[in-house]
Amino acid sequence: MVVQVIILIVGIYILGGVLFAVPFVIKGVTEVDEGTHGTKLGFRLIIIPGTIVFWPFLLSKWIKSNKKHD
Amino acid sequence: MSASYQAVLWNRQKKHYDWLIFAFCTSYLAVFTSVTLVYNPQVTFETLLIRSTSTLALLLLHVILSIGPLTRINKKFFPLLYNRRHLGVTMFCIAAVHGLFSILQFHTLGNVNPIVSLFTSNTRFDSVSAFPFQALGFFALVIFFLMAITSHDFWLHNLSPKVWKTLHMFVYLAYFLVVMHVLLGVIQYETNPVFVIILVLGSGALITLHLVAGFQETKKDNIKFHLQRESFVMVCDVNDIEEDRAKMFCLDKERIAVYKTDGKLFAVSNVCKHQNGPLGEGKVIDGCITCPWHGYQYLPHNGQSPPPFKERISTYDVKIEESKVWVNPVPYPEGTERPGAIITINQKEEMFV
Ligand code: HEM
Ligand code: FES
């Protein structure tokens, strides 16, 4: 029972990560890290797994960088 | 050097190295398969795959963990360090095949979710001879996964080097989990002690290597410099340092590299901003101190990476008196410009006296 609940929570978290990863690798990365301007497809693909795992952290970075630009 | 990222940094040397890894892995799998088929022709494909990938991953893990101490003991091993990440990702992929097929083989036959089954089919955590060793392998694999997906420099910068380093230190926990996974697993189905002996020898070698490297390093750090004057410490003779190279010193717990270039001496931090590489083991290339590990560069007179890069390291005061080099171990804020110490012809010539 406990194991099932944990797996469900992890599953939802990962699903959130997958949804987040799409806009993030297309647009978000360049706002969070200037060094990624003009990077190619290979680089964008290779950071997807990490984005799926660390998405809440990257989301907060993205929001902060947006505020700075305003 | 964070200006632009590539998917994978490949140069000729790294390509060579990756081919070597690939050739080694395929040969290992081929030899393992042939030998098993000779001694045990009834073996199933799944078992063969599970066992060949698990032992290969374990072997690679030992190689990976030896690279750090080996390079600290002898500089000749540095080329190994450059591609340690590729080796790590390779190891993860191979271990993942082992984990995946184990789950397929042992946990997909019932009607319980395979991951749930992994944790619930055996709950004898109080037993040694029937311990649910697969859970240990699972957690080790999770750690290797996190390391593999964050192995790109992008993560080093964005998670911050400190968090990244901490995460990658978990490799030692993962290693421990794997050792227990194997020991507790093997005693459940294998009567031949050879496997346990090999593993114990491997761990023994790893621990010894780490101890030797650690011991050598503390010895270096504890060298006492006796001559002190007005907070400057005498460290060596001007001629002890080669042109465009450095000597490293540890003064008051500060790791300092004293570089000789263009007729001057400059003292900067010995710790690279990228992954704490030893800057004093590098050399001056195109006027920049170049880290031997991954090539980050810093200007000798102010410790700043040349634009557009933004890394900065601490600088220190250095002076020369009668061909002796004196360093003040109090650091200036990172990126502070220092004049360095001019080497006069006189001091150079003393070499021939
Ligand atoms: C999800 C993760 C994992 C699962 C479910 C798992 C499962 C298993 C199972 C069922 C066995 C016994 C296989 C047999 O009967 O032949 C085994 C053995 C072994 N595992 Fe794992 N394992 C996992 C992760 C790992 C990892 C990360 C490593 C090391 C890099 C590893 C290394 C080994 C080794 C060396 C053996 C003994 C040789 C063998 O019989 O294959 N395992 N594991
Ligand atoms: S540690 Fe990577 S470049 Fe210095």
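Preceding this section is the structure that the text describes.
Computed from a predicted structure; not experimentally measured.

Each value, and the rule that gives it
Residues numbered from 1 in each chain as written. Chains lettered and ligands numbered in written order. Predicted model: local features only at pLDDT ≥ 70, side-chain atom pairs only at ≥ 80, totals over all residues. Heavy atoms only, no water. Helix = DSSP H or I, 4+ residues; strand = E, 2+ residues; numbered from the N terminus. Buried < 20%, exposed > 50% of the residue type's maximum accessible area, 1.4 Å probe, protein only. Contact = heavy atoms within 4.5 Å. Areas by Shrake-Rupley, 256 points an atom, 1.4 Å probe, with all protein chains shown as cover. Lys, Arg positive; Asp, Glu negative; His and termini not counted. Charge placed at Lys NZ, Arg CZ, Asp CG, Glu CD. Buried area = accessible area lost by both parts, 1.4 Å probe. Salt bridge = Lys/Arg side-chain N within 4 Å of Asp/Glu carboxyl O. Nonpolar A, V, L, I, M, F, W, Y, C, P; charged D, E, K, R; others polar. Pairing = 2+ DSSP bridges. Polar contact = N/O pair within 3.5 Å; in protein donor to acceptor, adjacent residues only side chain to side chain. Axes fitted to C-alpha atoms, helices over the stretch in contact; angles between N-to-C directions. Parallel < 35°, antiparallel > 145°, perpendicular 65-115°, else oblique. Donors = N, O, S within 2.8 Å, 3.2 Å for Na, K, Ca; no water. Tetrahedral: all angles 85-135°; square planar, octahedral: opposite > 155°, others 65-115°. 1 Å grid on protein atoms, 1.4 Å probe; cavity = no way out; pocket = protein on both sides within 12 Å on 5 of 7 lines; lining within 4 Å. Points joined across faces, edges and corners; volume = space filled by probe spheres on them. Core = buried A, V, L, I, M, F, W, Y, C linked by side-chain atoms within 4.5 Å.

Undergrad: What should I look at first to understand the overall build of chain B in this one?
TA: The helix and strand tally for chain B stands at 11 helices and 11 strands. Counting across all 353 residues of chain B, residues that qualify as buried make up 43%. Expressed as a percentage of contacts within chain B between residues at least 6 apart in sequence, the contacts between residues at least 24 apart total 58%. Per element, the accessible surface of chain B, about 19300 Å² overall, is 64% carbon and sulfur. Positive and negative charge centroids in chain B, built from 30 and 26 side chains respectively, lie 5 Å apart.

Undergrad: Any chance you could explain the interface of chain B and chain A here in plain terms?
TA: When the parts of a complex come together, some accessible area is lost, and that lost area is often taken as the interface size. Listed by partner, the interface residues are 21 residues for chain B and 22 residues for chain A. The contact between chain B and chain A buries some 1700 Å² in all, and 74% of this surface belongs to carbon and sulfur atoms. Linking chain B to chain A there are zero salt bridges. Elements supplying a minimum of two residues to the side of chain B that touches chain A: α5 (114–120), α6 (133–149) and α7 (153–158) of chain B. The greatest single-element share of the side of chain B that touches chain A, amounting to four residues, is contributed by α5(B). Its residues placed into classes, the side of chain B that touches chain A shows 13 nonpolar, seven polar and one charged.

Undergrad: Sorry if this is basic, but what is going on with the pairing of strand β5 (residues 264–269) of chain B here?
TA: The side chains of a regular strand alternate between the sheet's two faces. Residue and element names in this part refer to chain B. Counting buried positions along β5 gives five out of six residues, so the element sits mostly inside the fold. Relative to β5, strand β4 (residues 254–261) is paired through six bridges, and the arrangement is antiparallel. In the strand pairing of β5, alanine 257 is matched with valine 268. Count of turn residues in the β4/β5 antiparallel hairpin: two residues, of which aspartate 262 carries a positive phi of about 55°. In this structure, β5 lies alongside strand β11 (residues 341–342), joined through two bridges in antiparallel fashion. Paired with lysine 264 across the bridge in β11 is isoleucine 342. Across two bridges, the pairing between β5 and strand β9 (residues 315–321) is antiparallel. When the bridges of β9 are listed, alanine 267 appears paired with tyrosine 316.

Undergrad: Could you clarify how one ought to interpret the side chain of Thr30(A) in this entry?
TA: For Thr30(A), the position within the fold is in helix α1 (residues 2–32). Within the local environment of Thr30(A), its side chain forms a polar contact with the backbone oxygen of Lys27(A), the two atoms lying 2.6 Å apart.

Undergrad: Sorry if this is basic, but what is going on with the packing of helix α8 (residues 161–169) of chain B against helix α9 (residues 171–189) of chain B here?
TA: Between two packed helices, the angle of one axis relative to the other and the distance separating the axes together describe the packing. Residues and elements named next belong to chain B. Where α8 meets α9, the closest approach of the two axes is 5 Å, and the angle between their N-to-C directions is 15°. With respect to their mutual orientation, α8 and α9 come out roughly parallel. For the pair α8 and α9, the contacting residues are Leu167, His168 and Met169 in the first and Val171, Tyr172 and Leu173 in the second.

Undergrad: Which parts of the structure should I look at to understand the coordination of the iron atom of ligand 1?
TA: In an ideal tetrahedron of four donors about a metal, each angle is 109.5 degrees. In an ideal octahedron of six donors, the angles are 90 or 180 degrees. Residue and element names in this part refer to chain B. Of the protein atoms, only His98 (NE2) and His181 (NE2) coordinate the iron atom of ligand 1, at distances of 2.0 Å. Angles of 87 to 180° at the metal separate the six donor atoms of the iron atom of ligand 1, which places the site in the octahedral class. Here histidine 98, found in helix α4 (residues 84–107), pairs with histidine 181, found in helix α9; they are 83 residues apart in sequence, far enough to count as distant. Here histidine 98 and histidine 181 have matching classes, each one buried.

Undergrad: I would appreciate a short explanation of the layout of surface pockets in the present structure.
TA: Residue and element names in this part refer to chain B. The computed volume of the second largest pocket comes to approximately 1300 Å³. Taken together, 48 residues make up the lining of the second largest pocket; nearest its centre are Ile50, Arg51, Ser54, His98 and Tyr189. Those elements that provide at least two residues to the lining of the second largest pocket are α1 (12–39), α2 (45–73), α4, α5, α6, α9 and α10 (194–221).

Undergrad: Would you mind going over the sheet that holds strand β6 (residues 283–285) of chain B with me for this structure?
TA: Strand pairs in the sheet, formed through backbone hydrogen bonds, run parallel or antiparallel to each other. All names here are of chain B. If you walk across this open sheet you meet the three strands as β6-β7-β8, and the pairing is antiparallel. A strand with exactly one partner marks an edge of an open sheet, and here the two such strands are β6 and β8 (297–298). Direction of pairing for β6 relative to strand β7 (residues 288–290): antiparallel, over a ladder of three bridges. Each residue of the ladder has a partner; that of isoleucine 285, found in β7, is cysteine 288.

Undergrad: Any chance you could explain the nonpolar core here in plain terms?
TA: When a protein is soluble and globular, its nonpolar side chains tend to lie buried together. Of all hydrophobic cores here, the largest spans 50 residues; its most connected members are Leu60(B), Leu61(B), Met91(B), Phe144(B), Val178(B) and Leu279(B). Only α1, α2, α3 (78–82), α4, α6, α9, α10 and β4 of chain B provide two or more residues apiece to this core. It is α9(B) that contributes the most residues to this core, nine residues altogether. Aside from chain neighbours lying at most four places away, what touches Leu60(B) is Phe24(B), Cys25(B), Leu87(B), Thr90(B), Met91(B) and Ile94(B). Grouped together as the second largest cluster of nonpolar side chains are 19 residues, Trp55(A), Trp62(A), Tyr5(B) and Leu156(B) included.

Undergrad: What is the right way to read unusual backbone geometry from this model?
TA: In terms of backbone geometry, most residues other than glycine have negative phi values and most peptide bonds are trans. Residue and element names in this part refer to chain B. The phi angle at aspartate 262 is positive, at roughly 55°, despite the residue not being glycine. Judged by relative accessible area, which is 71%, aspartate 262 ranks as exposed. For aspartate 286, which is not glycine, the phi dihedral falls at a positive 50°. Structurally, aspartate 286 can be placed in the loop between β6 and β7.

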